[in-house]
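# Architecture and fold: a report
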There are 2 protein chains.
Amino acid sequence: MERHFEEEFDRIKHKILTMGSLVEDQIRNAMTALVERDEALAQRVIENDRNVNALDVEIDEMSLDALVRYQPVAKDLRFVTTAMKISSELERMSDLAENICERSIELSEEPQLKPYIDIPHMAERARIMVKESLDAFVKMDSALARKVIQDDDFVDILTEQLFRELLSFMMENPKTISRAIRLSFISKYIERIADHATNVAELVVYMVEGKIIRHTIPPQAI
Amino acid sequence: MERHFEEEFDRIKHKILTMGSLVEDQIRNAMTALVERDEALAQRVIENDRNVNALDVEIDEMSLDALVRYQPVAKDLRFVTTAMKISSELERMSDLAENICERSIELSEEPQLKPYIDIPHMAERARIMVKESLDAFVKMDSALARKVIQDDDFVDILTEQLFRELLSFMMENPKTISRAIRLSFISKYIERIADHATNVAELVVYMVEGKIIRHTIPPQAI
């Protein structure tokens, strides 16, 4: 019994990591689609969201099943409920990657407003946050989780900065407004992906330390 | 034992309803603060977010406790895990009400761009969705939950419509850009509140019917 529970633990961990690397791909591909104005790739990201959703459902069922079969307590119980919550967070990140691609398809119908440098940079930071938050989960490493939480500030600052830049484009030339707004939406989506990674990290701190920190940090500013 | 579990069930239900009516207040007050340009009220909403967070933590702990003590299975198990997920959704709605108030404080520093009619109307629809999704939860009424899911389309259409209107303001007069963008953020926050209510409704359908519908509906468009 003890033994089987350990195995079930590992299967759930493994599924979360599989889902995480799919979400990382979604983020990376969404950026490539944007930068290279590749509509076919954008469509592929939109379609792949289905696979992420399927994993979310699978993890949920595995977790409910583990709760019934092994009736875990204390840390083990927190592990299972945390896995369920993390899979919801990942599922939302993939929705946001999908939203990025929708905007990116619209943007490819007009000439490019500016070279895309900051946005892929932000997205890469967010992707690393996703990766590290999941590493923190599987290694039960709350120090790494706390690092992820701090990294979120950097993404927030970049979003703010980009927003001001886009605002100045719009002020100078109203013809840029619809493109600038689409780009600002994209940067907000990335900021929200980073927020979800922060949620994961906060869940990990709670799981490991039994301490709730998720509500001590103010919600996003913009 | 049977009896105690029923009582615990009811306590959790009751807490969810308390949290829900707090969130409804947050939405309503955020709108009053916007329309009446009432900064003190906006600040109060921002501060009240703490109370919503405290309830989220409490519901989480009650639910974990119920899982350990009563080791529920099947529908009862789904009830407890659904309660935990619903409380996360409510907590995020309150964060969004807080965001509305932040933008509303910024807006009150400049002359009003246009009479605020559509936005409070949207917010009221979203608030009703929140209320009905929780009614569906406590009554285990999946038909009502399905109605909430359909109502979400209405909020999406209004957001889209408002966005086009704001875009035309910006095009005509670049001086309106920063206000128009803040208003479009506010309408996005409301749209996201409605999305969270939709998530709650989808969780209820799953809880009642054991059928997953949450991933058959495409994510928000803008």
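Below is a short write-up of the structure.

About the thresholds
Every chain is numbered on its own, with residues counted from 1 as its sequence reads. Chains and ligands are labelled sequentially in the order written, the chains with letters from A and the ligands with numbers from 1. In keeping with the predicted nature of the model, local features appear solely for residues at pLDDT of at least 70, side-chain atom pairs appear and are counted solely at 80 or more, and the whole-chain, interface and lining totals rest on all residues. Only hydrogens and water are set aside; all other atoms, that is, all heavy atoms of the structure, feed into the side-chain values. The way it works is that DSSP assigns letters per residue, a run of H or I at least four long becomes a helix, a run of E at least two long becomes a strand, and they are numbered from the N terminus. We compute the radius of gyration over the C-alpha atoms and compare it with the globule rule, which gives 2.2 Å times the number of residues raised to the power 0.38. Burial classification: accessible surface area is computed with a 1.4 Å probe over protein chains only, and a residue below 20% of its type maximum counts as buried, one above 50% as exposed, and the rest as partly exposed. Throughout, a contact is declared for two residues whenever any of their heavy atoms are within 4.5 Å. Accessible surface area values rest on a Shrake-Rupley calculation with a 1.4 Å probe, where residue burial reflects the displayed protein chains alone. Here Asp and Glu are counted as negative and Lys and Arg as positive; His is not counted, and neither are the chain ends. Where a charge lies is defined by one atom per residue type, namely NZ (Lys), CZ (Arg), CG (Asp) and CD (Glu). In this description, a line fitted to the C-alpha atoms serves as the axis of each element, helices being fitted only across the stretch in contact, and the angle between N-to-C directions of two axes falls anywhere from 0 to 180 degrees. The labels follow the angle: roughly parallel below 35 degrees, roughly antiparallel above 145, roughly perpendicular from 65 to 115, and oblique for the rest. In this scheme the crossing of two helices becomes right-handed for a clockwise turn of the near helix relative to the far one and left-handed for an anticlockwise turn of less than a right angle. Only Asp, Glu, Lys and Arg are considered charged, only Ala, Val, Leu, Ile, Met, Phe, Trp, Tyr, Cys and Pro nonpolar, and every remaining residue, Gly among them, polar. Each copy is superposed on the other by least squares, with the fit set by C-alpha atoms of residues at a pLDDT of at least 70 in both. A helix is expected to span 1.5 Å multiplied by its residue count minus one.

Glancing now at the overall build of chain A. Looking only at helices and strands, chain A features 6 helices and 0 strands. Reading the secondary structure of chain A in the N-to-C direction produces α-α-α-α-α-α. A compact globule built from 222 residues should have a C-alpha radius of gyration of about 17 Å, and chain A, at 19 Å, falls within 12% of that. Within chain A, the fraction of its 222 residues that count as buried is 60%. Here the analysis covers contacts within chain A between residues at least 6 apart in sequence; of these, 85% occur between residues at least 24 apart. As displayed, chain A offers around 9,000 Å² of accessible surface, 51% of which is attributable to carbon and sulfur atoms. Of note, chain A has its 29 positive side-chain charges centred 2 Å away from the centre of its 42 negative side-chain charges.

At a minimum axis separation of 11 Å, helix H3 (residues 74-107) of chain A and helix H2 (residues 39-70) of chain B run at an interaxial angle of 125 degrees. With respect to their mutual orientation, H3(A) and H2(B) come out oblique. The way H3(A) lies across H2(B) gives a crossing that is right-handed. Only Asp60(B), Leu64(B), Leu67(B) and Val68(B) of H2(B) make contact with H3(A), whose side of the interface consists of Leu77(A), Arg78(A), Thr81(A) and Lys85(A). In the contact of H3(A) with H2(B), the residues fall into 4 nonpolar, 1 polar and 3 charged.

Below, the discussion takes up the relation of the copies chain A and chain B. The two copies are related by a screw motion: chain A maps onto chain B through a turn of 180 degrees and a shift of 0.0 Å along the axis, at an RMSD of 0.0 Å. The transformation just described matches what one would write down for a two-fold rotation axis. Counting the interface residues of chain A, we find that 98% of their copies in chain B are interface residues as well, pointing to one common contact surface.

Okay, the environment of Leu34(B) next. Residues and elements named next belong to chain B. In this fold, Leu34 is placed in helix H1 (residues 2-35). Overall, Leu34 belongs to the buried group, its relative accessible area being 3%. When the C-alpha positions of Leu34 and Leu107 are compared, they lie 8.3 Å apart, and in sequence the two are 73 residues distant.

Another aspect to go through is H3(A). Each full turn of the α-helix corresponds to 3.6 residues, which orients residues three or four apart in the same direction. Here H3(A) is 34 residues long and its end C-alpha atoms lie 50 Å apart, about the 50 Å a rise of 1.5 Å per residue gives. Along H3(A), 30 of the 34 residues are buried, which leaves the element largely enclosed by surrounding structure.

The values are spatial; any link to function lies outside them.
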